[in-house]
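Read off the chains here:
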Amino acid sequence: MLEENLKAQLKQYLELLENDIALRVKADENDTNGKKVRDFVNEIAEMSPRISVEEAKLVKAPGFAVVRKGEMRGVAFAGIPLGHEFNSLVLALLQVSGRAPKIEEDLKKRIQAIDKPYHFETYVSLTCHNCPDVVQALNIMSVLNENITHTMIEGGMFQEEVKSRGVMAVPTVFVNGEEFSSGRMSLEEILNKLLGEAGSEEFDKKEPYDVLVVGGGPAGASAAIYAARKGIRTGILAEKFGGQPLETLGIENFIGTTYTEGPKLVAQLEEHVKSYPTDIMKTQKAVKLEKKDLLEVTLENGAVLQSKTVVLSTGARWRSLGIPGEEEFKNKGIAYCPHCDGPIFAGQKVAVVGGGNSGIEAAIDLAGVVEHVTVLEFLPELKADKVLQEKLYSLDNVTVLTNVETKAIHGKGKVESLDYVNRETQEKVTLELSGVFILIGLVPNTEWLDGVVDRTARGEIIVDKQGATNVPGVFAAGDCTDSAYKQIIIAMGSGATAALGAFDYLIRH
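Residues numbered from 1 in each chain as written. Predicted model: local features only at pLDDT ≥ 70, side-chain atom pairs only at ≥ 80, totals over all residues. Heavy atoms only, no water.

K.L.:
Lay out the packing of helix α9 (residues 218–228) against helix α14 (residues 488–508) with the relevant residues and their values.
P.N.:
Two elements in contact, α9 and α14, have axes separated by 7 Å at closest approach and are oriented at 35°. You can see that α9 and α14 cross each other, and the crossing is right-handed. Contacts from P218, A219, S222, A223, Y226 and A227 of α9 reach α14 at I488, A491, M492, S494, G495, A496, A499 and L500. (Axes fitted to C-alpha atoms, helices over the stretch in contact; angles between N-to-C directions. Helix = DSSP H or I, 4+ residues; strand = E, 2+ residues; numbered from the N terminus. Left-handed = near helix turned anticlockwise from the far one by under 90°. Contact = heavy atoms within 4.5 Å.)

Shown next, in the form of structure tokens:
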């Protein structure tokens, strides 16, 4: 079942096992999926003398649990963790065997202090690049605390269960039988949602920074690295470390790297930032910037951080349609990632709103999975590259509607239909469908800076060639600025520019 390259990789990792482990399996060999799971488990066990196979009574079957030899508690997988979940399996094998998870000590202490029982279940798609973060975070929690259990459930093998529980997006997490979250979450975010966020007290004793970077995407990471390399006190404030690349699957235009994936690049960025003495503050949102004796950044939790200079790198987010039903049905039929959520709509009808490159790429991707795709574009013609349009029009299960305005999304508990109006004839049409993928561009995350720094009509921060804004000591970089193009490599370059600009400012003031 495992391809030779995966077997070679896995065999290397299995040499790092610190204790004997058992794969406790429950799978009916007379069932097609059950046989697949049992064959998969046996194949893994044959690769290391430290792994044995045992029969088990699991809550979910077909599936298996990874446990320390002689113990009952471990990490469970319902289905087969291949695709993007292969790394989740590898890490579970190593961590259950005794290899310590690579997390900050304060997070470890928070997990180990949990004294209530939490039974997590995470529904995933093997094509979802957002799911492994959640699966791996919950696996770590179950390894570190016996009050916590976690089962990854591969949605393709449990389709009836997915439908019965109303799962419309992945990853979707249930805890103690109740829906807990939907979408990507970091370990810090899971703990904050479960236990409550830390208060402002932990920030009260922080000394002023020389450079405080607000935003943890490619621009922010680059700025933090360039600042820290100057030997000055550097902090980075990130509501969600990684930014837009977290939502990006394939990256083929990052110079020097033929192909990588967003989450992998983000992990490399974070590791690089951590290699310098940088104060990384995750899951913290800035809500106010003031110029006093020093620059002051107020956080959502009420804490105030001071710095001699600030680099704003807050990035951008998907633009909303602003129509009835859009908020109500998020993750209940409204989606933004075809790679992650496309398989959930297999054999169903969906719409893609947006005729740019992102929208048309999504439509092409979805056409290979769903029954039919309808593309809705507000302008009289599509905006995507010609090569993408040619591919789109070659597909026989795609309808393209241009010069139409999406007006409302309807349903009872989940998406069931969409209303649009022909802008030329004003004819109103209702489409019966199960999913709506919205890809209509980006909007900069700069609303909290109203009246503070100069911005364009679109909300982009205006900067000069040093990355400086109109406020002395305040610099900006990346997709939140008025840069002509929004690309990862350009954001990184502008982050470096802003950090060097801030350093030069410190020297002169």
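K.L.:
Explain the UniProt feature "domain: FAD/NAD(P)-binding" (unreviewed entry) in the chain residue by residue, including any values.
P.N.:
Feature annotation in UniProt places "domain: FAD/NAD(P)-binding" (unreviewed entry) on residues 209–495, given in this structure's numbering. Within the segment residues 209–495, helix and strand shares are 19% and 32% respectively, and the terminal C-alpha atoms sit 17 Å apart. (UniProt positions renumbered as here; feature names shortened; annotations may be inferred.)

K.L.:
Give me the lowdown on helix α7 (residues 187–195), citing residues and values where you can.
P.N.:
Counting buried residues along α7, seven of its nine residues qualify, which places the element largely inside the surrounding structure. L187, E188, E189, I190, L191, N192 and L194 are the residues of α7 that are buried. Contact partners of the buried residues in α7: α4 (105–112), β5 (118–124), α5 (131–144), β8 (178–182) and β13 (278–282). Just downstream of α7, G196 is the residue with a positive phi angle, here 100°. (Buried < 20%, exposed > 50% of the residue type's maximum accessible area, 1.4 Å probe, protein only.)

K.L.:
For the nonpolar core, give the residues involved together with the corresponding values.
P.N.:
Nonpolar side chains tend to gather and get buried jointly when the protein is soluble and globular. By size, the foremost hydrophobic cluster in this structure holds 67 residues, and its most contacted members are L10, F64, L93 and V373. Counting residues per element, this core draws most heavily on helix α3 (residues 86–97), at seven residues. With sequence-adjacent residues up to four places away left out, L93 is seen in contact with L10, L14, L17, I21, L23 and V66. A221, A223, A227 and M492 belong to the second largest nonpolar core, which has 30 residues in total. (Core = buried A, V, L, I, M, F, W, Y, C linked by side-chain atoms within 4.5 Å.)

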